[in-house]
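Descriptive structure summary
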2 protein chains.
Amino acid sequence: MDVVVPFDATEPKTRLSAVLDDRERREFAESMCRDVLDSVRAAGGEPTVLATDSVEMDAPVAVDDRPLSAAVNDRLADADGPLAVVMADLALATPEALGRVFDADGDVVLVAGRGGGTNVIVSRIPDFRVDYHGVSIADHRKRALDVGVTPTEVDSYALATDVDEPEDLVEVLLHGEGRVTEWLRERGFEPAATDGRVRASRD
Amino acid sequence: MDVVVPFDATEPKTRLSAVLDDRERREFAESMCRDVLDSVRAAGGEPTVLATDSVEMDAPVAVDDRPLSAAVNDRLADADGPLAVVMADLALATPEALGRVFDADGDVVLVAGRGGGTNVIVSRIPDFRVDYHGVSIADHRKRALDVGVTPTEVDSYALATDVDEPEDLVEVLLHGEGRVTEWLRERGFEPAATDGRVRASRD
């Protein structure tokens, strides 16, 4: 399965600026992307990084500085066969979870992200297009129906957990196994209990 | 499978007090619990509500006003066979997701909740005990290993999503299909895009 992994190489992970400085955010984002590429390959996918600017990755990199949806839609339009889109910030993505998605039946397969996002898509039809703006999971369900397809949804916490905000870091610490989890630990992050859910804190 | 569904009948869902008043929180919590009971039964489970006070539910109710872990551990100690513990606030719990857990191999099966919690447990051994305080998923992994069992973990967003805080309501609106989703819609909640993730807002 050909897999596109969109990566913001320009201003990665700005919503983490309260806890990581510019250089750290870049390292963190690249580290997550490398973990995702490993999991994609282990699940049988052939990844291409679709980056907003040049970046060094252990996979082919295609640079497209347009907004995310336009860049991904060009890839979908050009695809000869099934194409998957896997977000680069899925720090908990395992080969098993991605394998469940790649193996799922259906012309359009969707995996919801927390807060209304769409973290993984597989399209096996020529005319499905994405729109990542707003409540994208609802839009993608509707777009699939609009082209005559009932979307298959895969229920995965590992893939629903994109890492955008400081509160997400604890998920990486508790459940991650890749280099990005190690990266966080090395920088002093650890789980800390609060009144409600556990958050990540730094020394 | 016997299934215990712990329910706080005393002060349910206090962390939702910014968006729901006392009476609404009680209705909301009871409505979620009823949805969970439906899904448990549809997945082949036989639920008992383990409540801190008397409450009317369409299932047997056992009242135990001790802290959650003590009450659940008494049930585990008394169990004749496999016992599952399913939290009452899993508004997205589907029969399919619970079925994956009930059918999973292993003497101890765990499903992580967001923020370090443990939302579903199956124990098929007599000596596993719970501790829901703090980072319970990490504690439960360790406790399983301490009694010689490698825990099986089931990867489910539907079951990872317990509804505790205002930011969780949007997940119910976007993915839920039960009476609690209808309850929220009737009270004017709808998904609203923000700068980051989509949240629920009320007219």
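Residues numbered from 1 in each chain as written. Chains lettered and ligands numbered in written order. Predicted model: local features only at pLDDT ≥ 70, side-chain atom pairs only at ≥ 80, totals over all residues. Heavy atoms only, no water.

Structural notes on the packing of aromatic side chains
For the record, the criterion: Geometry of aromatic contacts follows a simple scheme: Phe, Tyr and Trp rings, the Trp one being its six-membered ring, pair when their centres are within 6.5 Å, and the pair is stacked under 30 degrees between planes, edge-to-face over 60, tilted otherwise. Helix and strand assignments follow DSSP, with helices taken as H or I runs no shorter than four residues and strands as E runs no shorter than two, numbered in order from the N terminus. Three labels apply to residues, based on accessible area from a 1.4 Å probe with only protein chains included: buried if under 20% of the type maximum, exposed if over 50%, partly exposed otherwise in between.
Inspection of every chain in the model, using the stated rule, returns three aromatic pairs over all chains. Ring centres of Phe28(A) and Trp183(A) lie 5.6 Å apart, and the angle between their planes is 50 degrees; this geometry places the pair in the tilted category. Note that Phe28(A) is positioned in helix α1 (residues 22-42) and Trp183(A) in helix α7 (residues 179-186), a separation of 155 residues in sequence. Here the two residues Phe28(A) and Trp183(A) agree in accessibility, since each one is buried. An angle of 10 degrees between the planes, with centres 6.4 Å apart, marks the rings of Tyr157(A) and Tyr157(B) as stacked. Here the residue Tyr157(A) occupies a position in helix α5 (residues 157-160), and Tyr157(B) occupies one in helix α5 (residues 157-160), the pair thus bridging two chains. Exposure class is identical for Tyr157(A) and Tyr157(B). Each is buried.

What about empty space enclosed by the protein?
We apply this condition: Here a cavity denotes grid points, spaced 1 Å and computed from the protein atoms alone, that fit a 1.4 Å probe unable to get out, and a pocket denotes an open set having protein on both sides within 12 Å along at least 5 of 7 lines; residues with an atom within 4 Å of a point are the lining. Grid points are joined across faces, edges and corners, and a volume is the space filled by probe spheres set on the points. Gly is put with the polar residues, along with every residue not named as nonpolar or charged; the nonpolar set is Ala, Val, Leu, Ile, Met, Phe, Trp, Tyr, Cys and Pro, and the charged set is Asp, Glu, Lys and Arg.
In total, this model carries two cavities of 30 Å³ or more according to the counting rule given. By volume, the largest cavity is sized at about 40 Å³. Surrounding the largest cavity, Arg114(A), Gly115(A), Arg114(B), Glu167(B), Asp168(B), Val170(B), Glu171(B), Arg197(B), Val198(B) and Arg199(B) form its lining. Roughly 30 Å³ of volume is contained in the second largest cavity. Lining the second largest cavity are Arg114(A), Glu167(A), Glu171(A), Arg197(A), Val198(A), Arg199(A), Arg114(B) and Gly115(B). Grouping the constituent residues of the lining of the second largest cavity by class yields one nonpolar, one polar and six charged.

Notes on the sheet that holds strand β5 (residues 108-112) of chain A
All names here are of chain A. Applicable threshold: If DSSP finds at least two bridges between two strands, the strands pair. By the convention used here, residues are in contact when the closest approach between their heavy atoms is within 4.5 Å. For helices, the fitted line uses only the C-alpha atoms of the stretch in contact; every axis is such a line through C-alpha atoms, and the angle between N-to-C directions lies from 0 to 180 degrees.
Strand order across the open sheet formed by seven strands is β3-β2-β1-β4-β6-β5-β7, with mixed pairing between neighbours. Each end of this open sheet is capped by a strand with a single partner; those strands are β3 (61-63) and β7 (152-153). Summarising the sheet, β5 and β7 pair through two bridges and their orientation is parallel. From the neighbouring strand, Leu110 faces β7, where its bridge partner is Glu153. Lying over the sheet, helix α2 (residues 68-78) contacts β1 (2-7), β2 (46-51), β3, β4 (83-86) and β6 (118-123), oriented at roughly 140 degrees with respect to β2. Lying on the sheet, helix α3 (residues 95-103) is in contact with β1, β4, β5 and β6; it crosses β6 at an angle near 40 degrees.

Any functional reading would require information beyond the geometric quantities listed.
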